Number of protein chains: 6
Amino acid sequence: MVDVSDKAVTSRRAVAQAVVTTTPHVMSLLVAGELPKGEALPVARVAGILGAKQTPSLIPLCHPLPISGASVEFEPGETSLRIVASVKTTGVTGVEMEALTAVTVAALTVYDMIKAVDRGAVIGDVCVLEKSGGASGEWSRG
Amino acid sequence: MVDVSDKAVTSRRAVAQAVVTTTPHVMSLLVAGELPKGEALPVARVAGILGAKQTPSLIPLCHPLPISGASVEFEPGETSLRIVASVKTTGVTGVEMEALTAVTVAALTVYDMIKAVDRGAVIGDVCVLEKSGGASGEWSRG
Amino acid sequence: MVDVSDKAVTSRRAVAQAVVTTTPHVMSLLVAGELPKGEALPVARVAGILGAKQTPSLIPLCHPLPISGASVEFEPGETSLRIVASVKTTGVTGVEMEALTAVTVAALTVYDMIKAVDRGAVIGDVCVLEKSGGASGEWSRG
Amino acid sequence: MVDVSDKAVTSRRAVAQAVVTTTPHVMSLLVAGELPKGEALPVARVAGILGAKQTPSLIPLCHPLPISGASVEFEPGETSLRIVASVKTTGVTGVEMEALTAVTVAALTVYDMIKAVDRGAVIGDVCVLEKSGGASGEWSRG
Amino acid sequence: MVDVSDKAVTSRRAVAQAVVTTTPHVMSLLVAGELPKGEALPVARVAGILGAKQTPSLIPLCHPLPISGASVEFEPGETSLRIVASVKTTGVTGVEMEALTAVTVAALTVYDMIKAVDRGAVIGDVCVLEKSGGASGEWSRG
Amino acid sequence: MVDVSDKAVTSRRAVAQAVVTTTPHVMSLLVAGELPKGEALPVARVAGILGAKQTPSLIPLCHPLPISGASVEFEPGETSLRIVASVKTTGVTGVEMEALTAVTVAALTVYDMIKAVDRGAVIGDVCVLEKSGGASGEWSRG
């Protein structure tokens, strides 16, 4: 774990996404809250936020950071569900990993809740969308 | 968490994959073990195996299962790294979620180790490849 | 942690409750999903189920058990919210602690979500309602 | 998890309580350290302190905080045990949830150690007694 | 994590030890319960038992096992404290790692509680004393 | 957990060691990466770093600290492996426990990976080598 003792404490933010691709039928069940295991989105939101807080326990070289805010939002499409997480901290390193962990755990939770009706669902397009704060300043995916 | 008390204890196995897409330059650094944070693959393998064991703590409606075996393997390509995890159990539910969590945590760990040289790397194609054991028998992605 | 190696593996179930007492105004906000932090019940349900799985990490002398089912239900009243959890296992010890941990973590989560509007809310009546399986057979609170 | 990035870092403290109600016989065993599972209070104290540190992993929308002090004390009565926890931090949000989690986990641990002799014990009166620091200043239960 | 799917489920037990070496003065404070941080042994016992249950989260290639019993005992000498842990399971692999983790976490907890009065204390002689059950049968340190 | 609210936030560092003693044959297998379970040192390094981050969850009276850097290094000898961990923080208490936990978890991981070929291996000489920062200033083992 690289030494970040001398980095400045600044306000930092990162936004990441993940996309779960499934069938139109499953999307309609998901949006209607009629999946066999119940409503998926509230469960996935909680899982994503708790997951963000587990980041330094899961990713070996990640520094522990005091997360000061986290949100997980969903954009349902016809055959896919886009998950976007935004995480903030006032700390010495960025929170990309926390935002990525949030969307990933949320996406895995969605898969867990739809797998009885679509075992072939795929999680993709997991990436950082925006990042601000710290030495590298503002960055957003072109 | 659905009641699985009456399901049979059988030998079960699941195989899942994730693909990290980056630049040829980063792939050459990764394969040569010359990334700024050091060798990525051994770290990602350990993270994936430990991650599989955290599945029921991360995925709310997942049943705890006694994992009896887990492996994480890597297939480096020119611009991407394919990660394949195989998980086994002797239990009452399948281990797809454990295999998916293993590849996902391994992929996030790889991203963490390459983000200093490629912030734009993307994790995709996260899916179950094969599944055996239990009431639904053998299944493999077509 | 007492030795339970020689106890029989049987199907076991426990039901526990907790009651959060607050004001009529807060109860109406909670039922309408209009609390400042958002909808409380789905968050508390997920927290309770995840909490049940953390029981042996929280309660020092509790044996780890493979939970085979868990549910958390809510009964809103005029000035209180009753939380009931039911947990099942096929194992060597009972699941009272898991059911109690589920209702307690769910109740704490509700408190966390209403504390901005009622700091004085109280959690009480936390007890086991029913228990079945194992050497002691059926039991229910008289 | 609401955004607390702009809140001031101040010294904060919260005190909470829980009460375990049981029989006079069990209270005499507990005070004498003669319960079947051994001395309950030192075990419950450690569980409460460790529990306080797990608060952000258990309560989904709770911010992680650097706890700077925590104590758990016991006041045995004739038919009940009062548990009082005090938690301090220097941070951006209060530590009520940490104090409540400490007393709750301590109370559950006491229940676990007396349940062989009193399955009907009840945990109640779980509430915040005092709170200081932060924008809302001093508060104590009337 | 090697595949143990085909190993027999048997009753298994392991005993391990650790020795903390310090000064006669510190040992007298420890035995009298007069260390600055309070009584060390009950805290170390709880930490050791909880630590045993965390073994598969800490040791990457360790299989999760349902621990059916665990005890941690102390033998104070003039300048050292011997810690002995015994762990049992009914499972497919041995519990040496659980017993070793128990004594190690207990020893670290003792160090934490004496470090204000003896920063130079040393933990040593950490080893498995006995092991029974499984394909390799009885074994004890010669 | 003693109150450290009034201690100064300073840059702190601790270095600790552990020594695993085994046979020359096992050391040669370990150095060559030919142990039955695979390469031990990368696995033990990751386990040690993740273990350091778990310190406040394992050691009851340890304060949570934002670790700002951690490294685990190995010095193989003829019949023993020396493990040295260095941990840094910018915080209110020292990081001796984090450094000791890192070397201990790394040593247990090494034991786990060699136990199939040397059940009698011993972990010893676990101690703090150096400490800096905080009220007590520089200290090193004489």
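Rules used in this analysis
Residues numbered from 1 in each chain as written. Chains lettered and ligands numbered in written order. Predicted model: local features only at pLDDT ≥ 70, side-chain atom pairs only at ≥ 80, totals over all residues. Heavy atoms only, no water. Least-squares fit on C-alpha atoms with pLDDT ≥ 70 in both. Contact = heavy atoms within 4.5 Å. Buried area = accessible area lost by both parts, 1.4 Å probe. Salt bridge = Lys/Arg side-chain N within 4 Å of Asp/Glu carboxyl O. Polar contact = N/O pair within 3.5 Å; in protein donor to acceptor, adjacent residues only side chain to side chain. Core = buried A, V, L, I, M, F, W, Y, C linked by side-chain atoms within 4.5 Å. Buried < 20%, exposed > 50% of the residue type's maximum accessible area, 1.4 Å probe, protein only. Helix = DSSP H or I, 4+ residues; strand = E, 2+ residues; numbered from the N terminus. Expected span 1.5 Å × (residues − 1). Pairing = 2+ DSSP bridges. Axes fitted to C-alpha atoms, helices over the stretch in contact; angles between N-to-C directions. Parallel < 35°, antiparallel > 145°, perpendicular 65-115°, else oblique. Left-handed = near helix turned anticlockwise from the far one by under 90°. Nonpolar A, V, L, I, M, F, W, Y, C, P; charged D, E, K, R; others polar. Arc of directions from axis to C-beta.

Turning next to the relation of the copies chain A and chain B. Rotating chain A by 180° and moving it 0.0 Å along the rotation axis overlays it on chain B with an RMSD of 0.0 Å. Both copies are brought into coincidence by an operation consistent with a two-fold rotation axis. Closest to the rotation axis within chain A is the C-alpha of Gly124(A), separated from it by 1.9 Å. Interface residue correspondence from chain A to chain B reaches 100%, placing this contact among same-surface, isologous pairings.

Here the focus is the interface of chain A and chain B. On the chain B side, the residues contacting the 36 residues of chain A number 36 residues. Summed over both partners, the interface of chain A with chain B buries about 3100 Å², with 71% contributed by carbon and sulfur atoms. When the area that chain A buries against chain B is broken down by residue, the three leading residues are Leu61(A), Leu108(A) and Arg119(A), summing to 21%. Inspection of the chain A/chain B interface yields zero salt bridges. Between chain A and chain B we count six residue pairs in polar contact (both at pLDDT 80 or more) in total.

Turning to the relation of the copies chain A and chain F, a few remarks are in order. Rotating chain A by 120° and translating it 0.0 Å along the rotation axis places it on chain F, where the RMSD comes to 0.0 Å. Taken together, the rotation and translation describe the operation of a three-fold axis. Residue Pro66(A) of chain A places its C-alpha closer to the rotation axis than any other residue of that unit, at 4.8 Å.

In terms of nonpolar packing, the biggest core is built from 300 residues, with Ile83(A), Ile83(B), Ile83(C), Ile83(D), Ile83(E) and Ile83(F) touching the most fellow members. When residues no more than four places from it in sequence are discounted, the contact partners of Ile83(B) are Ala16(B), Gln17(B), Ala18(B), Val20(B), Val72(B), Glu73(B), Phe74(B), Val103(B), Ala106(B), Ala107(B) and Val110(B).

On to helix α2 (residues 40-53) of chain D. Residues and elements named next belong to chain D. Its 14 residues place the ends of α2 20 Å apart at the C-alpha level, agreeing with the 20 Å of an ideal helix rising 1.5 Å per residue. Among the 14 residues of α2, twelve are classified as buried, and the element is accordingly described as predominantly covered. Along α2, the positions that sit buried rather than exposed are Ala-40, Leu-41, Val-43, Ala-44, Val-46, Ala-47, Gly-48, Ile-49, Leu-50, Gly-51, Ala-52 and Lys-53.

Let's shift gears to the environment of Val26(B). Residues and elements named next belong to chain B. Position of Val-26 among the secondary structure elements: in helix α1 (residues 24-32). Each C-alpha atom, one on Val-26 and one on Ser-80, is 9.3 Å from the other, the two residues being 54 residues apart in sequence. Setting aside anything within four residues of it in sequence, one finds Val-26 in contact with Leu-35, Ile-114, Val-117 and Asp-118.

Another aspect to go through is the interface of chain A and chain F. Each partner contributes residues to the interface: chain A has 13 residues there, and chain F has twelve residues. Interface of chain A and chain F: buried area, both sides summed, is about 980 Å²; carbon and sulfur atoms make up 54% of it. Of all residues in chain A, Met1(A), Ser5(A) and Pro60(A) bury the most surface against chain F, accounting for 51% of the area lost on that side. Run the count over chain A and chain F and you get one salt bridge. With a closest N to O distance of 2.8 Å, Lys88(F) and Asp3(A) form a salt bridge. Applying the counting criterion to the chain A and chain F interface returns ten residue pairs in polar contact (both at pLDDT 80 or more).

So, about the pairing of strand β1 (residues 10-21) of chain B. Residue and element names in this part refer to chain B. Where β1 and strand β3 (residues 80-91) come together, twelve bridges link them in antiparallel fashion. Bridge pairing links Ser-11 to Thr-90 in β3. The pairing of β1 with strand β4 (residues 122-132) spans eight bridges and is antiparallel. Counterpart to Val-19 in the pairing with β4 is Gly-124.

Another aspect to go through is unusual backbone geometry. Residues and elements named next belong to chain C. The backbone of Asp-125 shows a phi angle near 50°, a positive value even though the residue is not glycine. Looking at where Asp-125 falls in the secondary structure, it is placed in strand β4 (residues 122-132). Judged by its relative accessible area of 45%, Asp-125 falls in the partly exposed class.

All names here are of chain B. Within the secondary structure layout, Gly-134 lies in the loop between β4 and β5 (139-140). For Gly-134, a relative accessible area of 25% puts it in the partly exposed group. Along the primary structure Gly-134 and Thr-10 are separated by 124 residues, whereas in three dimensions their C-alpha atoms are 6.1 Å apart. For Gly-134, the residues in contact, after removing those within four places along its chain, are Thr-10 and Arg-12.

This part takes up the packing of helix α4 (residues 96-114) of chain C against helix α4 (residues 96-114) of chain D. At a minimum axis separation of 11 Å, α4(C) and α4(D) run at an interaxial angle of 165°. It follows from the interaxial angle that α4(C) and α4(D) lie roughly antiparallel. Of the two possible hands of crossing, α4(C) and α4(D) adopt the one that is right-handed. Of α4(D), the residues touching α4(C) (which contributes Met97(C), Leu100(C), Thr101(C), Thr104(C), Leu108(C), Tyr111(C) and Asp112(C)) are Met97(D), Leu100(D), Thr101(D), Thr104(D), Leu108(D), Tyr111(D) and Asp112(D). Of the residues contributing to the contact of α4(C) with α4(D), the split by class is eight nonpolar, four polar and two charged.

Below, the discussion takes up the side chain of Thr109(E). With respect to the helices, strands and loops of the structure, Thr109(E) is situated in helix α4 (residues 96-114). On the basis of relative accessibility, which here comes to 1%, the residue Thr109(E) falls in the buried class. Ignoring sequence-local partners within four residues, the contact set of Thr109(E) consists of Val43(E), Ala44(E), Ala47(E), Leu58(F), Ile59(F) and Pro60(F).

A few words now on the pattern of salt bridges. Residue and element names in this part refer to chain A. For the structure shown, the criterion picks out 42 salt bridges over all chains. A salt bridge links Arg-13 to Glu-130; the nearest nitrogen and oxygen atoms lie 3.4 Å apart. One end of the pair, Arg-13, is in strand β1 (residues 10-21); the other, Glu-130, is in strand β4 (residues 122-132), and 117 residues separate them in sequence. Residue Arg-13 is classed as partly exposed on the basis of its relative accessible area, which comes to 30%.

Residue and element names in this part refer to chain B. Regarding α1, the residues found buried are Val-26, Met-27, Leu-29 and Leu-30. Looking straight down α1, one finds its buried side chains confined to an arc of 160°; they lie on one side. What points out from α1, more than 90 degrees from its buried face, is the exposed set His-25 and Val-31. Buried residues along α1 sit in contact with α2 (40-53), β2 (67-76), β3 and α4 (96-114). Phi turns positive, to about 70°, at Gly-33, one or two residues after α1.

Residues and elements named next belong to chain F. With nine bridges connecting them, strand β2 (residues 67-76) and strand β3 (residues 80-91) associate as antiparallel partners. Counterpart to Phe-74 in the pairing with β3 is Ile-83. Between the antiparallel neighbours β2 and β3 lie three residues.

Bear in mind that shape data such as this cannot, by itself, settle questions of function.
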